[in-house]
Amino acid sequence: MEFMIEKLRGFSPQLGHLVSQMNYARKTTLEAVYGLTTSELDFLPIKNGNSIGGLLLHMAAVEKGFQIEIFEGRKPNEQEMEEWGAPYSLGEQGRNCIKGNTLEYYIAKLEEVRNRTLREFTELNDNWLYENRLWDNHPSNNYFIWFHVFEDEINHRGQIRFIRKMLPQNE
């Protein structure tokens, strides 16, 4: 893999730059969780903390939420909230619901969500990135919102790396 932010085939120039950055963030996230077992993914470093598995599913849930809001122009429905509400919010609900899954499960969820984002991006252009919109009652644009998707991932990847160092050593 080259470490470049560049145009990518199938995307308008600025969308290609965005996707380059999203791809790099995802590559390093997957490297950070490589080889983890289900018990390691479920490990809670502190009583009110989040597990690595919870953080991985949260990354997918944040992106899924923006897909629904931005691509479909609506709020999540009841079924979507049942599937994605706990990982989006994390906290006690996340600790209770997000456990017992393999690394492959989390990777599949991340890929499923990302694949839709990439499909949608191929249908859009650079002008779309700069369209104004409100986000959390703040002036924003599509570019910032999708930047936030991978910025959130990078933040949680840092947490994952820290939690991984806290894992009990196998004997």
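Residues numbered from 1 in each chain as written. Predicted model: local features only at pLDDT ≥ 70, side-chain atom pairs only at ≥ 80, totals over all residues. Heavy atoms only, no water.

**Structural notes on the packing of helix α3 (residues 52-71) against helix α8 (residues 142-166)**
Where α3 meets α8, the closest approach of the two axes is 9 Å, and the angle between their N-to-C directions is 175°. Classified by the angle their axes make, α3 and α8 are roughly antiparallel. Residue composition of the contact of α3 with α8, grouped by class: 13 nonpolar, 6 polar and 5 charged. (Axes fitted to C-alpha atoms, helices over the stretch in contact; angles between N-to-C directions. Helix = DSSP H or I, 4+ residues; strand = E, 2+ residues; numbered from the N terminus. Parallel < 35°, antiparallel > 145°, perpendicular 65-115°, else oblique. Nonpolar A, V, L, I, M, F, W, Y, C, P; charged D, E, K, R; others polar.)

**Side note on the nonpolar core**
One finds Val33, Leu41, Ile52, Leu56 and Ile160 to be the most contacted residues of the largest nonpolar core, which totals 22 residues. Secondary-structure elements contributing two or more residues to this core are α1 (13-33), α3, α6 (103-122) and α8. Here this core takes 7 residues from α3, the largest share from any one element. Counting residues in each nonpolar core, the second largest holds 19 residues, with Met22, Ala25, Ile145 and Phe150 among its members. (Core = buried A, V, L, I, M, F, W, Y, C linked by side-chain atoms within 4.5 Å. Buried < 20%, exposed > 50% of the residue type's maximum accessible area, 1.4 Å probe, protein only.)

**Notes on the layout of surface pockets**
Of the pockets and cavities examined, the largest pocket occupies roughly 310 Å³. Surrounding the largest pocket, 19 residues form its lining, Gly65, Phe66, Glu69, Pro76 and Tyr88 being those nearest its centre. Counting residues per element, the ones that place at least two in the lining of the largest pocket are α3, α4 (78-89) and β1 (132-135). Grouping the amino acids of the lining of the largest pocket by side-chain chemistry returns 10 nonpolar, 3 polar and 6 charged. (1 Å grid on protein atoms, 1.4 Å probe; cavity = no way out; pocket = protein on both sides within 12 Å on 5 of 7 lines; lining within 4 Å. Points joined across faces, edges and corners; volume = space filled by probe spheres on them.)

**Considering the confidence of the model for the chain**
The predicted coordinates of low-pLDDT regions are not to be read in fine detail. On average, the chain scores 94 in pLDDT, and the residues at 70 or more come to 98%. For the chain, β1 is the element with the lowest average pLDDT, namely 89, and α6 is the one with the highest, namely 98. (pLDDT = per-residue confidence, 0-100.)

**Remarks on the pattern of salt bridges**
A full pass over the atoms with the stated rule returns 10 salt bridges. Among the salt bridges present, the one from Arg114 reaches Glu63, with a minimum N-O distance of 2.9 Å. One end of the pair, Arg114, is in helix α6; the other, Glu63, is in helix α3, with 51 residues separating them in the sequence. Overlapping salt bridges bring together Glu72, Arg74, Glu80, Arg116 and Glu120 as one network. (Salt bridge = Lys/Arg side-chain N within 4 Å of Asp/Glu carboxyl O.)

**Some points on the environment of Arg161**
With respect to the element layout, Arg161 can be found in helix α8. Classification of Arg161 by relative accessible area gives partly exposed; the value is 40%. The residues contacting Arg161, other than those within four sequence positions of it, are Thr28 and Ala32. (Contact = heavy atoms within 4.5 Å.)

**Focus on the pairing of β1**
Bridge analysis of β1 against strand β2 (residues 138-141) gives 4 bridges, and the strand direction is antiparallel. If you follow Leu134 over to β2, its bridge partner there is Pro139. If you look at the hairpin formed by β1 and β2, you'll find 2 residues sitting between the two strands, and Asp136 has a positive phi there, around 55°. (Pairing = 2+ DSSP bridges.)

**Re α4**
Since the α-helix turns once every 3.6 residues, residues separated by three or four places project in the same direction. The set of residues buried in α4 consists of Glu80, Trp84, Gly85, Ala86 and Pro87. In this structure, the buried side of α4 is in contact with α3, α5 (91-97) and α6. Of the residues flanking the start of α4, the one acting as N-cap is Asn77, its side-chain oxygen 3.1 Å from the backbone nitrogen of Gln79. Following α4 by one or two positions, Leu90 has its phi on the positive side, about 60°. (Polar contact = N/O pair within 3.5 Å; in protein donor to acceptor, adjacent residues only side chain to side chain.)

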